[in-house]
Structure formats: structure tokens, C-alpha cells
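Structural overview for review
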There are 2 protein chains.
Amino acid sequence: MTTQQAFPAVQPQTELPEPVQTALQAVEDLMLEVVDSTVTVLRDASRHIIGAGGKRVRPRLALLSYAAVGGRDPLEAAPVAAAVELVHTASVVHDDINDHGVVRRGRPSVNAVWGRTFALLTGDYLFTKVYELMAPFRDLNILLSEATVALVEGETLQAAAVKENNFSREVYYRVIALKTAALFKSAGAIGASLGGGTPEQIAALADYGYNVGLAFQIIDDILDLTADEKQLGKTAGIDVEQGRGFATAYTGSDEPTLDEKVNSIKAKALEGDALQKAHDQAEMLVQMAVNQLKVLPPSPAKDALVDLAHMIVDRTY
Amino acid sequence: MTTQQAFPAVQPQTELPEPVQTALQAVEDLMLEVVDSTVTVLRDASRHIIGAGGKRVRPRLALLSYAAVGGRDPLEAAPVAAAVELVHTASVVHDDINDHGVVRRGRPSVNAVWGRTFALLTGDYLFTKVYELMAPFRDLNILLSEATVALVEGETLQAAAVKENNFSREVYYRVIALKTAALFKSAGAIGASLGGGTPEQIAALADYGYNVGLAFQIIDDILDLTADEKQLGKTAGIDVEQGRGFATAYTGSDEPTLDEKVNSIKAKALEGDALQKAHDQAEMLVQMAVNQLKVLPPSPAKDALVDLAHMIVDRTY
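Residues numbered from 1 in each chain as written. Chains lettered and ligands numbered in written order. Predicted model: local features only at pLDDT ≥ 70, side-chain atom pairs only at ≥ 80, totals over all residues.

Some thoughts on the interface of chain B and chain A
At the interface, 33 residues of chain B touch 33 residues of chain A. For the side of chain B that touches chain A, the secondary structure elements donating two or more residues are α2 (40-51), α4 (78-99), α5 (110-134) and α6 (140-163) of chain B. Per-element tally for the side of chain B that touches chain A: the top contributor is α6(B), with 12 residues. Grouping the constituent residues of the side of chain B that touches chain A by class yields 18 nonpolar, nine polar and six charged. (Contact = placed C-beta atoms within 7 Å. Helix = DSSP H or I, 4+ residues; strand = E, 2+ residues; numbered from the N terminus. Nonpolar A, V, L, I, M, F, W, Y, C, P; charged D, E, K, R; others polar.)

The structure is reproduced here in C-alpha cells:
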């Protein structure tokens, strides 16, 4: 069993409220526990990727949304927060198959260790565990199922656009809205719903999540260009190699060969002001997200949501 | 859009009750409708595999279980029956990636037409649509999520046993219980629960489904050895090539190379009495399944469940 985190979570600038911190630890424990199986390869491969850590932005967002609307015990939200993180985890396991990614969260990817067949099944397994964790939560399933559909649509739209060589800026925003922002949005909405938020509060935290999700993905795409593998904890430059990510969208490259494409897109992205423009957009989105929070009463959870939003644009990995 | 069925459903010996037949058509329509997407490759690939037809044993089982316990309108059960069939459909799309299957339900497989990346995403998409269809059905999600976990565990156990060369008879029964019987069981239980069955009736239809599922898989494995591709509507001999299926379990082959393995297992299976033994077991399981139905009052749906069980061992594809 692999419980030690090889890749540390990003720490926000201020502490999480203590009950939220406790619940976040419960999320870790629950994810490791729920993937236990007598079929040992599923257990081991799942714990390998879960135990590697990651930023845990999505479960933080769910737990803080729960607390910020006055939810009494964030531990109540641990299963839904774990489910949201496992949707993301399942998708990265399958992404690494399709992108031939060999490093993830500072460890060899599941496909690098166990091969494609077992990586595919491990991703499926994690998706089924999402479903298992959410089953008791009745109507919240509607929110998470919509986000999961969107995520797969976003991944597919991205792959299709690269294949058809039409990865425009418009497609880029549609992709990141579907593959990233929808799940962040559902994390906010699910946490706030479970915490007993008003419809206005639930909508605000959904919008907060959506904007933070867009910003998060833009920053991710910038880091994919500028950071090295050790900082990222995953195979760097995958997005450019695959002819996608904002650099492709901003530079409109359509070079014929992969090598030329990679070099050309990367060079253009780095020499122009594309990176700065993208960063400015992420900052604006985060500001919009923070503005959404004004419908919430003051609380340590609200402060932590503000910090989380800023951390997302300020991070270096 | 591909709505014509290339591969006809197996017809039971007697007609389905008319409301169940209507609901079964609604299941077809619903599956095609729910996979609609602005991401056209997901829509097209999903409709390709769904529109190819298939035996539809699982949704029949769900709808008949609903009707047999006195459910008033089988159309009410169409979404859960569609969800159960889509779990199976998602799994065959992913199976065909791992097994390099190029023919499925009389058509080229999704990976043969769209390639591995899109086949992986299409399988994921179908799983998310299961989740979407089931989201309003509250506690029934618990039953289907358990079955979906079991299915992935069964597929994985099978792949692991082949890789480790320990595909014993014991492993074979564990595999078919997980990968096939669990979903059949959930189809019976979900249909009966939604139809308002008593706990005794729900348990009986769950057991019926479980035994029918075991029998179904044993017959499938026999047909994989004895039928040709045209009859099966899928790549024949895959199970033996992959060193699994009952033939491997019964003959205990551990030949060193794949070609030798295939020839050896197939020859042993065909010359011995392994096929007859397996067929006898399937017959016994079906008899046990039919015996479970005695707790149900007489009805056309009950008669159709008896027919369905017998059809499963009598079929030639």
C-alpha cells in the first residue's frame, strides 16, 4: 500500500479552518479506503495514483463551500469531496494512456507501471468508485453526473480538435469549460447544497468554482510551457506535443510534423505576449470568482476560498 | 446517425408482454437519445455501438422483473433498463480496446473505426451516461454501482489471471460471477425494486438474474469456441487467444507461446468433454434460476422470464 505522498499538496497562504483540514484528511483516507479490492492490481494502481497526492483543489473547494454556507460538520461532505477528486483522478489515469504520459504527480504514471490494459481498467474502476461514493447522496448525483459528462466531452473535443487541426482560441475556451470548469463548478455547488446553502449561495459557489476552474486550467497550460517536469510532477510539454493547450490556440500553428509543431508553437508562445495575456485572463477570472463570494457571511471558510482563488494564479506548479 | 440494427436481438420463443415490448423499444430510443452530444465523435461512436443492437438480455431482465412483481407501467423502468445495458455497452467498448477486437455486434468495433483514443473516451462517456440516467433513481444507484464495480473487478481479475498464468477453474467462476452475473443480478433487483416487489420477490429476481448471468457467460464462452464470427457478430476466438475463458480454466493449459496456447487450449477443449460439462452446468444454473420464480404470481412477465432463461442456454449465437 502506497500512502506516502510523493507530490505535496499546494499550501494556501493561510491555514484552512480546522474542521475543513480534518475533513480534507478524511478525504485522503476515504479515497484510499474505498478503492480497496480483492483484485489487488486495482487496489495497488488506485492507491499508487491517489497516494501520490496532488493539489486537492477540487475537494478543498467542495469542503470550503460546505463550510462557507454554514454546514455544521465538514466531515459530512468528505464522501462527495472524495468523489469529485476521484472523477479527476480517473480522468488523469485515462489521459496518461492517451497522451503516453509517463510521469504523474512525481511518480511513474499508472500506464507506465502497470501497462495500458490495467491503466484503462483502473480508470474505469475509479469512475465506478465515484458512482459508489455518490450513490447515497440522491439529488447531488445529478450535479456530479453532469460535470462528469462535460469532462469526458471536453477531453474528446480537445482530441478531436487536435486531430482535425482546428484547435482555435474558441475551441480552447470550450474545451477548458467542459474538461475543467464544469467539475470545479459542481464541487462548489455540491458542497454548498450539502451544507444547506440558499439557492443564491449555491449559485454563487457554482459560479465561483466555474471561474476558478477556468483560471486553474489556463495557469496549468502556462506552466506546461514554462515549468520543468520536476516542478510539475508530470510529463511537461505534453499539451504542446499533442498540439493543444492555449499555446496552440493562441498561435494558431498548423505545422505539418509533430516536431516542427512542438518547436514552433513553443517558440511563438514564449516570444510573444501570449503568456502574459493568458495570465491576465486568469487573474480576471479569479477576481470574478472572488466577487461571487460577497453573498456569503464572513467566516474562516470564506477567507480560505479567497486565498484558494489567489493561490491558483500565483502557484508555480 | 446509425439507428439500423446490424445484429438482430435474439428472439425468445414466446412474445414479450406488449407493455414490456413497448418499454424495450423505449430503451432503444432512450439509449440513442441520451448519448446525443455537441461533441459529434462521442455521439456517432456511441450510436454506432448502441445502434448495432445486441441481445438486450439485461434490459429485458430488468423490464420483466419490474412487470413480474406487478409494476404498473414498464415504461417507468426504461431509464434503469437503459442504464444497465449501457454499463454493458461501455464495458464492451473498453474490452475491444484491450483485446484488439475489431468486430462487435456485426459491425467494426469502435476502436477499429475511431481508434483507441476515441474508443477509450467513448467508453468513459457511456459510463457517465449510466450515471446521468440513474441519478434521479436514488437508492437504486447503490445496486447498480455495486454491480459496476464488480464488472470492472471481473474484467481486471481475468486480465491479471491470464498475465500471471493462473487462470484456474476457481478463478474462472470468480471472474464470471463478477464480470457478468453481478450486472444480471442488479438488473433483476433494480427492476423488481422499482416495480414495488416485496423483499422476498426482489431477492428471488436478484438470484434469478445471478444464475442466469452465470449461465449466459458459460454459453458465451462455449460459443466463442464453437461458433464462427458471422454467427457471433464479434471477433471469435478472442477468449482463447487471450488465454482465458472456460476452455483455459478447464484444460489448465500453460503453454509458453500464444500460438501454441491457442491451438492447445482449443484442441483440448474440443476433443474432451469440457464443452458438454460446461453446457450441463449452464442448464443446471438456468433450472435454479427458474425455480427462484416460484415466489411470483402467475403472469405473462413471469412466463417470459422462464422463456428468457431457457433461451439463454439454447441460443446458437
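Brief notes about the relation of the copies chain B and chain A
After a rotation of 180° and a shift along the axis of 0.0 Å, chain B superposes on chain A with an RMSD of 0.0 Å. Such values leave the two copies arranged in the relation of a two-fold axis. The C-alpha atom lying nearest the rotation axis in chain B is that of R138(B); the distance is 2.4 Å. Taken as a fraction of all interface residues of chain B, those also at the interface in chain A reach 100%, which identifies the copy contact as same-surface. (Least-squares fit on C-alpha atoms with pLDDT ≥ 70 in both.)

Re the packing of α4(B) against helix α7 (residues 169-194) of chain B
Residue and element names in this part refer to chain B. The N-to-C vectors of α4 and α7 enclose an angle of 170°; their axes lie 10 Å apart at closest approach. If you check the angle between α4 and α7, you find them roughly antiparallel. Between α4 and α7, the residues in contact are V80, V84, V87 and H88 and L183, S186, A187, I190 and L194, respectively. Classifying every residue of the contact of α4 with α7 by side-chain character gives seven nonpolar, two polar and no charged. (Axes fitted to C-alpha atoms, helices over the stretch in contact; angles between N-to-C directions. Parallel < 35°, antiparallel > 145°, perpendicular 65-115°, else oblique.)

Concerning unusual backbone geometry
You will see that N165(A), though not glycine, has its phi angle at about 60°, which is positive. One can find N165(A) in the loop between α6 (140-163) and α7 (169-194). Here R56(B), not a glycine, exhibits a phi torsion of approximately 60°, which is positive. The residue R56(B) is located in the loop between α2 and α3 (57-68) in this model. Judged by the 19 C-beta atoms lying within 10 Å of it, R56(B) falls in the partly exposed class. (Buried ≥ 20, exposed ≤ 12 C-beta atoms within 10 Å, placed from the backbone.)

Quick notes on α7(A)
All names here are of chain A. In a regular helix each residue adds 1.5 Å, so 26 residues correspond to 38 Å; α7 covers 36 Å between its end C-alpha atoms and thus fits that length. Where α7 bends most, the angle comes to about 45°, and this point is A181. Of the residues flanking the end of α7, it is G196, one or two places downstream, whose phi is positive at about 85°. (Expected span 1.5 Å × (residues − 1). Bend = angle between axes of the 7 residues up to and from the residue.)

Considering the packing of helix α5 (residues 110-134) of chain A against α4(B)
Where α5(A) contacts α4(B), the axes come no closer than 10 Å and their chain directions differ by 165°. Looking at the two axes, α5(A) sits roughly antiparallel to α4(B). In this structure, the crossing between α5(A) and α4(B) has a hand that is right-handed. Of the residues in α4(B), those touching α5(A) at T117(A), L120(A) and D124(A) are H94(B), I97(B) and N98(B). Among the residues making up the contact of α5(A) with α4(B), the classes are represented as two nonpolar, three polar and one charged. (Left-handed = near helix turned anticlockwise from the far one by under 90°.)

Quick look at the nonpolar core
By size, the foremost hydrophobic cluster in this structure holds 214 residues, and its most contacted members are V80(A), A215(A), V80(B), A215(B) and I312(B). If near-sequence neighbours (up to four positions away) are discounted, I312(B) is found in contact with V57(B), V212(B), A215(B), F216(B), I219(B) and V286(B). (Core = buried A, V, L, I, M, F, W, Y, C linked by C-beta atoms within 7 Å.)

Here's the deal with the environment of T128(A)
Tracing the backbone through its elements, the reader meets T128(A) in helix α5. Once the C-alpha coordinates of T128(A) and D207(A) are considered, the two residues, 79 residues apart in sequence, prove to be 27 Å apart. Sequence-distant contacts of T128(A), that is, excluding residues within four places in its chain, are made with S145(B), T148(B), V149(B) and V152(B).

Some thoughts on helix α2 (residues 40-51) of chain A
Under the 1.5 Å per step criterion, the end-to-end length of α2(A) is 16 Å for 12 residues, consistent within 8% with the ideal 16 Å. Of the positions making up α2(A), those classed as buried are V41(A), L42(A), A45(A), S46(A), H48(A), I49(A), I50(A) and G51(A). As for α2(A), its buried residues are in contact with α1 (18-34), α4 (78-98), β1 (103-104), β2 (107-108) and α5 of chain A together with α6 of chain B. Once α2(A) ends, the next one or two residues include G53(A), with phi positive near 90°.

Remarks on the confidence of the model for chain A
Residues and elements named next belong to chain A. Overall, the prediction assigns chain A a mean pLDDT of 87, with 81% of residues at 70 or greater. When mean pLDDT is taken per element in chain A, helix α3 (residues 57-68) scores highest with 98 and helix α12 (residues 258-271) scores lowest with 53. Every residue in residues 1-5 scores below 50 in pLDDT, and together they form 10 contacts with partners more than four places removed in sequence or on other chains. Low pLDDT, under 50, characterises residues 252-262; the stretch is placed with 13 contacts to residues that sit more than four places away or in other chains. (pLDDT = per-residue confidence, 0-100.)

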